[in-house]
Amino acid sequence: MGGIQNMKTIIVKNEKSDNLIEQFIALYLTLVGVSKNEKVTFDLTDTVWLYPMVILPIASYIIKTKSEFKNSKNDKTKGYLDTIKFPKGINSINEFSLRAQTHKNYVPISALERNKGLEREKLETMFSEMMIKSLGSVKGAESAILYPIGELITNIFEHSNDDLGLVFGQYYPKKSFLDICIVDSGRGLRRAYAEDKNIQVRDDEAIKKVLEGESIKAGKDRGYGVWTSKRMVCEALGGQFILISGSAAFIASQKKQKLLNMPNFYWEGVIISYRIPKPAHKIDITPYLE
Amino acid sequence: MTKNEKNSLLIATEIAKIVSSRDLVRSLKNKITRMKTKEVKLDFSDVEFVSRSAVHEFLSLRNQLQKKSWKKKNIEFTNTNESVKEMFRTVAANIAIPKNKRLLEKIEKIDIQTLIKKTSNS
């Protein structure tokens, strides 16, 4: 036997609104109760619109577990998923470049592979440049946008032990915001502390340690990446920031910060998703660098 | 070989216009060590942005190569744009005098079911 009929089917529902927290909840409801590395079928049949925070973790899960998916019956959604190369994404700069020329408003999922070294960095550069271009030119905004992308992607290859990082972004011109999601299926924060520093903590405590600047690696001036990225997104750019690792999550906006435990949910690795409103004024990133 | 190739490395060519990965900065070490000149310029022309982590790695690399007793290299960072300059200055200052550890305050602990309820009511 085998094949699609024997796998658990997970119906992916439309988010109730475009709110980033709604997307986080939609992702939670999609993956809650799924066992570690369980092969499933994601049923996207009824989806009309999908945001990066939901699409990218599903793509990563499909790649890691060789799970399957049923495409949307909505032609536009199906076309969108094809255009962004869901689920495997693009791992070559030539292909990315070709896609960027033919689909100017849709950036494909970028599959960043550890062993591709320079090609990986150039692909990340192309992705970052597309994100900046989509938001338009505002003095200082470029650095504020590039900062979290660079820091959060480099964390994948420094800490996660995963050989693949996925990054995806979508600008919504009518809503004037950019959503970016960065995902790995590595060891996650809790295991990184346990394995590299012999610190035994829960998932929520591991997230707290990361935000407090307790670097997983030794050395001065390390451990700034996630916290300063969150500050760049929430304070410099007025956006929202969500980090998930294991069974815990951190949600932050300009004024509020929440730490959550999610029983019966486990993401092996780290998911970071954030939303940046289109910058309207000059941004100075210096105060947020620390 | 041009003059440029003898004592300098163009970072935009060697890595990318946006540099974020520590491992790629580390990978420059062998290339620099093989250069015949003691004075080496890392040329940031056309580099748009360097991440904090990558800057940290560039400074570590410079430190390591300057401390070597054999094949010692003096590294100079040249043609940096304003954002790259600012990043180098910030990271260097933090290496010299590290900031105190942050303590997370004003963080609300909430369970997922409460968040779902709150979100659906709002």
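Placed above this text is the structure.
What you see is a predicted model, and the numbers here were worked out from it, not measured in a lab.

Definitions and limits used
- Residues numbered from 1 in each chain as written.
- Chains lettered and ligands numbered in written order.
- Predicted model: local features only at pLDDT ≥ 70, side-chain atom pairs only at ≥ 80, totals over all residues.
- Heavy atoms only, no water.
- Helix = DSSP H or I, 4+ residues; strand = E, 2+ residues; numbered from the N terminus.
- Rg over C-alpha atoms; globule rule 2.2 N^0.38 Å.
- Contact = heavy atoms within 4.5 Å.
- Areas by Shrake-Rupley, 256 points an atom, 1.4 Å probe, with all protein chains shown as cover.
- Lys, Arg positive; Asp, Glu negative; His and termini not counted.
- Charge placed at Lys NZ, Arg CZ, Asp CG, Glu CD.
- Pairing = 2+ DSSP bridges.
- Axes fitted to C-alpha atoms, helices over the stretch in contact; angles between N-to-C directions.
- Buried area = accessible area lost by both parts, 1.4 Å probe.
- Salt bridge = Lys/Arg side-chain N within 4 Å of Asp/Glu carboxyl O.
- Nonpolar A, V, L, I, M, F, W, Y, C, P; charged D, E, K, R; others polar.
- Expected span 1.5 Å × (residues − 1).
- Buried < 20%, exposed > 50% of the residue type's maximum accessible area, 1.4 Å probe, protein only.
- Arc of directions from axis to C-beta.
- Polar contact = N/O pair within 3.5 Å; in protein donor to acceptor, adjacent residues only side chain to side chain.
- Parallel < 35°, antiparallel > 145°, perpendicular 65-115°, else oblique.

## Some thoughts on the overall build of chain B
Stage number 1. Scanning chain B from terminus to terminus reveals seven helices and six strands.
Stage number 2. By the compact-globule yardstick of 14 Å for 122 residues, chain B is too spread out, its C-alpha radius of gyration being 21 Å.
Stage number 3. Taking the principal axes of the C-alpha coordinates as reference, chain B spans close to 70 × 30 × 25 Å.
Stage number 4. Summarising the internal contacts of chain B: among those between residues at least 6 apart in sequence, 78% fall at separations of at least 24.
Stage number 5. By element, 49% of the accessible surface of chain B is carried by carbon and sulfur atoms, the whole surface being about 7000 Å².
Stage number 6. One way to put it: in chain B the 27 positive side-chain charges average out to a point 7 Å from where the 14 negative ones average out.

## Structural notes on the sheet that holds strand 6 (residues 177-184) of chain A
Stage number 1. A sheet is described by the order of its strands in space; here eight strands give the open sequence 4(A)-5(A)-6(A)-10(A)-7(A)-8(A)-9(A)-6(B), paired in mixed fashion. Strands at the two margins of the open sheet, each flanked by one partner only, are strand 4 (110-113) of chain A together with strand 6 (108-111) of chain B. Neighbour-to-neighbour, the strand axes of this sheet turn through a mean angle of 15 degrees, independent of strand direction.
Stage number 2. One ladder, built from eight bridges, connects strand 5 (residues 164-172) of chain A with strand 6 of chain A; its direction is antiparallel. Across the sheet, residue A:Phe168 finds its bridge partner in strand 6 of chain A, namely A:Cys181.
Stage number 3. Of the strands in this sheet, strand 5, strand 6, strand 7 (240-246) and strand 10 (267-277) of chain A touch helix 2 (residues 52-65) of chain A, which is tilted by about 155 degrees from strand 5 of chain A.

## Side note on the sheet that holds strand 3 (residues 39-43) of chain B
Residues and elements named next belong to chain B.
Stage number 1. With parallel pairing, the three strands of this open sheet are ordered in space as 1-3-5. One side of each edge strand has no neighbouring strand; the edge strands of this open sheet are strand 1 (8-10) and strand 5 (74-78). Pairwise comparison of adjacent strand axes, ignoring direction, gives a mean angle of 20 degrees for this sheet.
Stage number 2. Direction of pairing for strand 1 relative to strand 3: parallel, over a ladder of three bridges. Residue Leu9 lies in a different strand from strand 3, and its bridge partner there is Leu42.
Stage number 3. With respect to the sheet, helix 5 (residues 52-67) is in contact with strand 3 and strand 5, its orientation differing from that of strand 5 by roughly 150 degrees.

## Some points on the interface of chain A and chain B
The extent of an interface is frequently quoted as the accessible surface area lost upon association of the parts.
Stage number 1. The partner chain B presents 46 residues to the 49 residues of chain A that form the contact.
Stage number 2. Summed over both partners, the interface of chain A with chain B comes to about 4200 Å²; 56% of that surface belongs to carbon and sulfur atoms.
Stage number 3. Where chain A touches chain B, the interface holds three salt bridges.
Stage number 4. A salt bridge links B:Asp23 to A:Arg120; its shortest N-O distance comes to 2.7 Å.
Stage number 5. Only helix 1 (20-31), helix 5 (117-135), helix 6 (141-160), helix 8 (203-212), helix 9 (225-236), strand 8 (248-252), strand 9 (257-261) and helix 10 (286-289) of chain A provide two or more residues apiece to the side of chain A that touches chain B.
Stage number 6. Considering only residue class, the side of chain A that touches chain B consists of 19 nonpolar, 12 polar and 18 charged.
Stage number 7. Where strand 9 of chain A and strand 6 of chain B come together, four bridges link them in parallel fashion.

## Quick word on helix 6 (residues 82-96) of chain B
Stage number 1. The first and last C-alpha atoms of helix 6 of chain B sit 21 Å apart over 15 residues, in line with the 21 Å expected at 1.5 Å per residue.
Stage number 2. All of the buried residues along helix 6 of chain B are B:Val84, B:Met87, B:Phe88, B:Thr90, B:Val91 and B:Asn94. The buried residues of helix 6 of chain B all sit within an arc of 165 degrees when viewed along its axis, so they share a single face. Residues of helix 6 of chain B that are exposed and point over 90 degrees away from its buried face: B:Glu82, B:Arg89 and B:Ala96.
Stage number 3. Those residues of helix 6 of chain B hidden inside the fold are in contact with helix 6 and helix 10 of chain A together with strand 4 (49-50), helix 5 and strand 5 of chain B.
Stage number 4. The backbone nitrogen of B:Ser83 lies 3.1 Å from a side-chain oxygen of the residue at the head of helix 6 of chain B, namely B:Asn81.

## Quick notes on the pattern of salt bridges
Stage number 1. Applying the stated criterion across every chain, the model contains 30 salt bridges over all chains.
Stage number 2. Of the charged contacts, one joins A:Arg191 and A:Glu195 as a salt bridge, the two residues approaching to 3.0 Å between their closest N and O atoms. On the criterion of helical spacing, the pair formed by A:Arg191 and A:Glu195 is a turn pair, its members being four residues apart in helix 7 (residues 188-197).
Stage number 3. By relative accessible area, A:Arg191 is classed as partly exposed at 29%.
Stage number 4. Here A:Glu195 falls in the partly exposed class, since its relative accessible area comes to 43%.
Stage number 5. The partner of B:Glu82 in a salt bridge is B:Lys85, and the shortest N-O contact between them spans 3.5 Å. Taken together, the residues B:Glu82 and B:Lys85, both in helix 6 and three residues apart, mark about one turn of the helix.
Stage number 6. Through salt bridges that share partners, A:Lys36, A:Lys64, A:Arg187, A:Arg191, A:Glu195, A:Asp196 and A:Glu268 make up one connected network.

## Remarks on the packing of helix 7 of chain A against helix 8 of chain A
Helix packing for two helices is described by the angle between their axes and how far apart those axes are.
All names here are of chain A.
Stage number 1. Look at helix 7 against helix 8: their axes get within 8 Å of each other, and the N-to-C directions meet at 75 degrees. Looking at the two axes, helix 7 sits roughly perpendicular to helix 8. Residue-level inspection shows Leu189, Arg190 and Tyr193 of helix 7 in contact with helix 8, the latter providing Asp203, Ala206, Ile207, Lys209 and Val210.
Stage number 2. Split by residue class, the contact of helix 7 with helix 8 holds five nonpolar, no polar and three charged.

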